[in-house]
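Here is what each chain is made of, one letter per residue.
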Amino acid sequence: MPELVVTALLAPSRLSLKLLRAFMWSLVFSAALVAAAVYGCIAFTHVLCRPRRGCCGRPRSAPPACVSDPTLGEHCFLTLKSSGLRLHYVSAGRGNGPLMLFLHGFPENWFSWRYQLWEFQSRFHVVAVDLRGYGPSDAPRDVDCYTMDLLMTDIQDIILGLGYSRCILVAHDWGALIAWNFSIYYPSLVERMVIVSAAPMSVYQDYSIHHIGQFFRSNYIFLFQLPWLPEKLLSMSDFQILKATLTHRKRGIPHLTPNELEAFLYDFSQPGGLTGPLNYYRNLFRNFPLEPQELATPTLLLWGEKDTYFEQGLVGAISSRFVPGRLEAHILPGVGHWIPQSNPGEMHEYMWAFLQDLLD
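Residues numbered from 1 in each chain as written. Predicted model: local features only at pLDDT ≥ 70, side-chain atom pairs only at ≥ 80, totals over all residues. Heavy atoms only, no water.

An unreviewed UniProt entry lists the protein chain under the name Epoxide hydrolase 3, from Neovison vison.

1. Topic: the overall build of the protein chain
Just so we agree on the cut-off: Each helix is a run of DSSP H or I of at least 4 residues and each strand a run of E of at least 2, with the numbering of both proceeding from the N terminus. The globule rule used here is 2.2 Å times the number of residues to the 0.38 power, and the radius of gyration it is set against is calculated over C-alpha atoms. Exposure classes here rest on a 1.4 Å probe applied to the protein chains alone. A residue is buried below 20% of its type maximum, exposed above 50%, and partly exposed in between. A contact between two residues is defined here by any heavy atoms of the two lying within 4.5 Å. Areas reported as accessible are Shrake-Rupley estimates using a 1.4 Å probe. Residue values count occlusion only from the protein chains shown. Counted as positive: Lys and Arg. Counted as negative: Asp and Glu, with His and the chain ends omitted from the count. The location of each charge is read from NZ of Lys, CZ of Arg, CG of Asp or CD of Glu.
Along its length, the protein chain carries 13 helices and eight strands. The C-alpha radius of gyration computed for the protein chain amounts to 21 Å, which stays within 12% of the reference 21 Å derived for 360 residues, consistent with globular compactness. For the protein chain, the proportion of its 360 residues judged to be buried stands at 53%. Sequence separation of 24 or more characterises 77% of the internal contacts of the protein chain that already satisfy a separation of 6 or more. Split by element, the accessible area of the protein chain, about 16,200 Å² in all, is 59% carbon and sulfur. Within the protein chain, the 30 negative side-chain charges are centred at a point lying 7 Å from the centre of the 28 positive side-chain charges.

2. Brief notes about the pattern of salt bridges
Inclusion rule: We define a salt bridge as a side-chain nitrogen of Lys or Arg found within 4 Å of a carboxyl oxygen belonging to Asp or Glu.
Across all of its chains, the model carries ten salt bridges by this definition. Across the pair Arg132 and Asp154 runs a salt bridge whose closest N-O atoms are separated by 2.6 Å. With Arg132 in the loop between strand 4 (125–129) and helix 3 (148–161) and Asp154 in helix 3, this residue pair connects regions lying 22 residues apart in the sequence. Like Arg132, the residue Asp154 is buried in the burial classification. Residues Asp238 and Lys243 are paired through a salt bridge, measuring 3.2 Å at the closest nitrogen-oxygen approach. Residue Asp238 shares its accessibility class with Lys243, and that shared class is buried.

3. Description of the UniProt feature "transmembrane region" (unreviewed entry) in the protein chain
Let me state the cut-off plainly: UniProt positions are given in the numbering used here, feature names are shortened, and annotations may be inferred rather than shown by experiment.
The UniProt feature table records "transmembrane region" (unreviewed entry) at residues 26–49. With 100% helix and 0% strand, residues 26–49 has its two end C-alpha atoms placed 35 Å apart.

4. So, the side chain of Ser235
Heads up, the condition is: Polar contact is defined as a pair of N or O atoms within 3.5 Å, subject to the rule that within protein one atom must be able to donate a hydrogen and the other to accept it, and that residues adjacent in sequence are counted only when both atoms are side-chain atoms.
Mapped onto the fold, Ser235 is located in helix 8 (residues 229–247). A polar contact is formed between the side chain of Ser235 and the backbone oxygen of Lys232, at a distance of 3.0 Å. In contact with Ser235, other than residues within four places in its own chain, are Cys56, Gly57 and Leu274.

5. What about the nonpolar core?
The condition that has to hold: In plain words, nonpolar cores are sets of buried Ala, Val, Leu, Ile, Met, Phe, Trp, Tyr and Cys residues tied together by side-chain atoms within 4.5 Å.
Membership of the largest hydrophobic core comes to 119 residues, with the highest contact counts inside it found for Met100, Phe106, Ile155 and Leu169. Per-element accounting of this core gives the leading share, eight residues, to helix 1 (residues 3–49). When near neighbours in sequence (up to four residues on either side) are disregarded, Leu169 contacts Leu101, Leu103, Ile155, Ala179, Phe182, Val190, Arg192, Met193 and Val194.

6. Quick notes on the environment of Thr71
Within the secondary structure, Thr71 is located in the loop between helix 1 and strand 1 (74–79). Under the relative-accessibility criterion, Thr71 is labelled partly exposed at 44%. For the pair Thr71 and Val34, spaced 37 residues apart in sequence, the C-alpha separation works out to 45 Å. Aside from chain neighbours lying at most four places away, what touches Thr71 is Trp118 and Gln121. At 2.8 Å, the side chain of Thr71 and the side chain of Asp69 are in polar contact.

Structure follows, in structure tokens:
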């Protein structure tokens, strides 16, 4: 068929897609302005209630002692083959078994996996990485340096750079979004997955369209689409919004100590420390609309019944995309979003059972 005819036949579809994306972006930025107004009020309220903290975050001069605990592992750097970026990671148990690679979420870092590093280093080589943009890892400033394709390539380079051909991928929140995609496009590199509190983006997209309440739970993602303003609001009153997110009595991490809180805030308090992590969110809508994808990697999915940010109905939506027999899902009663830190004992029990056949 002549190229001109093909172009003419495809023109209506292309126009429809452009109109759909234009409509989507208008909604996203409208929601972003509303979210900015709401979070702006919250941030200024914190400043008024705590005037001594001022309008800016206080840069921390040194990390807390808890991140240097030698029982957690050795601090190392790996230069990635594809990008040349240097990523920081903590490693323990090399030679004790298969690679178990941990991917953290926001607003966290490698330290969010401290309980799992202690638990699994006797039978696995456990590695908790600081993703690009976080902590001591290199942090490109450009938004285009945080696309999903580049983030997946980072994970590939980490696995191969550590000398492995496969891994057990354990991921939470934003790390889990990367892990879902990675298991689809690099299935040969993933032997098993443990996913905590996150759905694949295509599932989240389709579910949210039919369940408007999920948009309200994830309202912060719209704020994060804006340039520079989210960094300013999150840092006001010495990062009070982040502090509240992590320590809230109902929505935060139970029993988080002041030193453990500082383990997260230290990185974000450094110059430009928030821009890299927020650039992940600024790429969320880049490929809208997403096509449904079949999920086939053997996966353990853990979900908190009281998760503030994601509705429980997403678990069923995820299950509907899986090849039968490949997903083991558990909803933990009375548990929130931060399962690796709030309920490590329950998480470990499920993980040991799920991985037992690999150790026999």
